[in-house]
Amino acid sequence: MEVIVAKTAGFCFGVHRAVNKVYEQTEKGAAPIYTYGPIIHNEEVVKDLEARGVRVIGTRGELEQLICGTIVIRSHGVGRDIYSLIRERGLGLVDATCPYVKKIHRIVERESAEGRQIVIIGSDSHPEVEGIKGWCTGQATVIATEEEAEAFIPKEGKKLCVVSQTTFNNNKFKNLVEIISKKGYDSTVINTICNATEERQREAAEIAKQVDAMIVIGGRHSSNTQKLFEICKKECENTYYVQTLVDLEPILLPPVDCVGITAGASTPNHIIKEVYTYVRNEL
């Protein structure tokens, strides 16, 4: 049986950088250490960091209760107010925000300050989008579906600046932008989808077209992994979503000659290797 593993599977640059920053703090013996939100959307990594004494906090209220410690900002980024609060509390700050996300913060901060209405293509509840909104002057509009794009009406006299969540599906982004643009509004569109995300999605689709079964590895709360699953499922009916090898073992794959494997940006390399070895040797 042939097994094809996506070259783009696993940690992206931003995630790798963020995780390393937390481990660096543990090696320095800097305590207590907190991450504002899970550093990445992968339970295995978060559990390992917890075993090393790293705690996760997720609200302003929890942050306001701290009297000492170092706060590591998650790769998804946070709003401007969280930075201010950390400094006000006199806490240490390590910024592990993905540079590509940081770029969006600068864009929306500048464009909203100049009077443009910010439109974010993405999921309103995703932590990256929550952070982006926190850098806007005024209220941003978040659009995730064609229905929301059709229903969108900009504020009178406002020019638009459209950006995207870095892990959003590129084709969906283009479709939503087209709907908004057809309404004739003065729009500045900046495609802020990460190049690594685009390439990962493109490669996953190409592999899924070739194989009899596709395995997508990643955390259940990982937006980019969910989108990989959706993309692969369209091309290959026998597509399976697993977090670790434990999830795959009970799954009875149909008789196949070729299996594809890809993984989200928050999936450690050792988990990908475990799944590959199992598929290669046991199926």
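To be clear, the structure that these remarks concern was listed above.
Below is a short write-up of the structure.

Reading the values: rules and limits
- Residues numbered from 1 in each chain as written.
- Predicted model: local features only at pLDDT ≥ 70, side-chain atom pairs only at ≥ 80, totals over all residues.
- Heavy atoms only, no water.
- Patch = residues over 30% accessible without salt bridge, like charges linked within 9 Å, V, L, I, M, F, W, Y side chains within 5 Å.
- Areas by Shrake-Rupley, 256 points an atom, 1.4 Å probe, with all protein chains shown as cover.
- Salt bridge = Lys/Arg side-chain N within 4 Å of Asp/Glu carboxyl O.
- Lys, Arg positive; Asp, Glu negative; His and termini not counted.
- Charge placed at Lys NZ, Arg CZ, Asp CG, Glu CD.
- Buried < 20%, exposed > 50% of the residue type's maximum accessible area, 1.4 Å probe, protein only.
- Helix = DSSP H or I, 4+ residues; strand = E, 2+ residues; numbered from the N terminus.
- Right-handed = clockwise from strand over helix to strand, strands pointing away.
- Phe/Tyr/Trp six-rings, centres within 6.5 Å; stacked < 30°, edge-to-face > 60°.
- Lys NZ or Arg CZ within 6 Å of the ring centre and 35° of its normal.

**With respect to a negative patch on the surface**
Next up, step 1: Together, E146, E147, E148 and E150 line one region of the surface with negative charge.
Next up, step 2: The exposure class assigned to E146 is partly exposed, which follows from its relative accessible area of 45%.

**Remarks on the pairing of strand β11 (residues 239-242)**
Next up, step 1: Taking every second residue as pointing to the same face, both faces of β11 are buried, with T239 and Y241 on one and Y240 and V242 on the other.
Next up, step 2: In this region the chain leaves strand β10 (residues 213-217), passes through helix α10 (residues 223-235) and returns to the parallel neighbour β11; the handedness of that crossover is right-handed.

**Digging into the packing of aromatic side chains**
Next up, step 1: Inspection of the entire model under this criterion finds two aromatic pairs.
Next up, step 2: Here the aromatic rings of Y83 and W135 are separated by 5.7 Å at their centres, their planes lie at 65°, and the arrangement is edge-to-face. Placement of the pair is Y83 in helix α4 (residues 80-88) and W135 in the loop between α6 (127-133) and β7 (141-143), with a sequence separation of 52 residues. Grouping residues by exposure puts Y83 and W135 together as buried.
Next up, step 3: Ring centres 5.6 Å apart and planes at 45° place the aromatic pair F229 and Y241 in the tilted group. On the criterion of sequence distance, the pair formed by F229 in helix α10 and Y241 in strand β11 is long-range, its members being twelve residues apart.
Next up, step 4: Looking at F229, the relative accessible area reads 23%, which means it is partly exposed.
Next up, step 5: When its relative accessible area of 12% is taken as the criterion, Y241 is described as buried.
Next up, step 6: A cation over an aromatic ring shows up here: R220 above the ring of Y241, its NZ or CZ 4.7 Å from the ring centre.

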